[in-house]
Amino acid sequence: MPLRILLHWDWYSKAAEKGIAEAQHNLGVMYDKGRGVPQDFAIAVNWYQKAAEKGYARAQFNLGEAYFRGQGVKRNFAETVKWHTKAAELGNVRAQFNLGLMYYKGLGVPRDYKEAVNWIRKAAEQGTALAQYNLGVMYAQGQGVSQDYRKAVNWFRK
């Protein structure tokens, strides 16, 4: 293991054991991606869970993604929605967009285009190109909003 990664792992593991949420999240990422340690999704989820429960938005997002992919935990869309909602409410743009898609497709929640628009708009307003495109599609098709081609074009232009 390269010295730089070993030092990061050593620092993160000590800080994570002390309950520092950012370190817990970063240690989770190391195990999730296999950076400097053998890839182990179950261990990653364990660290994400600890940080997520402390209100760390990036860990909440990553925990939601683990439930979505079924890596380290059993695939569970309701848990994905739960953790993405927590992260989205704290301003995590990726969680806002993904939560919008969950409502759009009815994954883990009943299909609700208005709720989908609500979350996708939050991400679109922060400059997320894919969210801007999807919001344009929703205006063009009248899904969750009144059909409005001008608004659709405006979102597509962004």
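Definitions and cut-offs
- Residues numbered from 1 in each chain as written.
- Predicted model: local features only at pLDDT ≥ 70, side-chain atom pairs only at ≥ 80, totals over all residues.
- Heavy atoms only, no water.
- Core = buried A, V, L, I, M, F, W, Y, C linked by side-chain atoms within 4.5 Å.
- Buried < 20%, exposed > 50% of the residue type's maximum accessible area, 1.4 Å probe, protein only.
- Helix = DSSP H or I, 4+ residues; strand = E, 2+ residues; numbered from the N terminus.
- Contact = heavy atoms within 4.5 Å.
- Phe/Tyr/Trp six-rings, centres within 6.5 Å; stacked < 30°, edge-to-face > 60°.
- Lys NZ or Arg CZ within 6 Å of the ring centre and 35° of its normal.
- Expected span 1.5 Å × (residues − 1).
- Salt bridge = Lys/Arg side-chain N within 4 Å of Asp/Glu carboxyl O.

Trainee: I'm lost on the nonpolar core in this one. Help?
Mentor: Generally speaking, soluble globular proteins have nonpolar side chains that are buried together. Judged by nonpolar contacts, the single largest core of 24 residues is most densely connected at Leu99, Tyr103, Ile120, Ala131, Leu135 and Tyr139. Elements with a minimum of two residues in this core: helix H5 (77-89), helix H6 (93-105), helix H7 (113-125), helix H8 (129-141) and helix H9 (149-157). With six residues, the top contributor of residues to this core is H7. Aside from chain neighbours lying at most four places away, what touches Ala131 is Phe97, Ile120, Ala123 and Ala124.

Trainee: So what exactly am I meant to see when it comes to the packing of aromatic side chains here?
Mentor: Two measures describe an aromatic ring pair: the distance that separates the ring centres and the angle between the ring planes. The final tally for this structure, using the stated rule, is three aromatic pairs. Plain terms: the ring middles of Phe68 and Phe77 are 5.5 Å apart, the flat faces sit at 45 degrees to each other, and that makes the pair tilted. Aromatic side chains Tyr133 and Phe156 sit 5.6 Å apart centroid to centroid with 40 degrees between the ring planes, which places their arrangement in the tilted category. Placement of Tyr133 in helix H8 and of Phe156 in helix H9 is noted, with a sequence separation of 23 residues between them. For Tyr133, a relative accessible area of 46% translates into the label partly exposed. Exposure remark for Phe156: the relative accessible area of 39% places this residue in the partly exposed category. The ring of Trp47 has Lys50 lying over it, and the distance from NZ or CZ to the ring centre is 5.5 Å. The residue whose ring lies beneath Lys122 is Trp119, and the NZ or CZ to ring-centre distance is 5.6 Å.

Trainee: Can you help me understand H8 in this one?
Mentor: For H8, with 13 residues, the first-to-last C-alpha span of 18 Å sits near the 18 Å given by 1.5 Å per residue. Those residues of H8 hidden inside the fold are in contact with H6, H7 and H9. Following H8 by one or two positions, Gly142 adopts a phi angle in the positive range, close to 70 degrees.

Trainee: Sorry, what's going on with the pattern of salt bridges here?
Mentor: Pairs may arise between side chains of opposite charge once their charged atoms sit close together. Following the criterion strictly, the structure yields two salt bridges and no others. For Asp32, the salt bridge is made with Arg69, and the minimal N-O distance between the two is 3.6 Å. Taken together, the residues Asp32 in helix H2 (residues 21-33) and Arg69 in helix H4 (residues 57-69) connect sequence positions 37 residues apart. Given the relative accessible area of 7%, Asp32 is considered buried. Assessed through its relative accessible area of 36%, Arg69 is described here as partly exposed.

Trainee: Would you explain the side chain of His25 in this entry?
Mentor: Position of His25 among the secondary structure elements: in helix H2. Its relative accessible area of 4% is what places His25 among the buried residues. With residues near it in sequence (within four places) discarded, His25 still touches Tyr48, Ala51, Tyr56, Arg58, Ala59 and Asn62.

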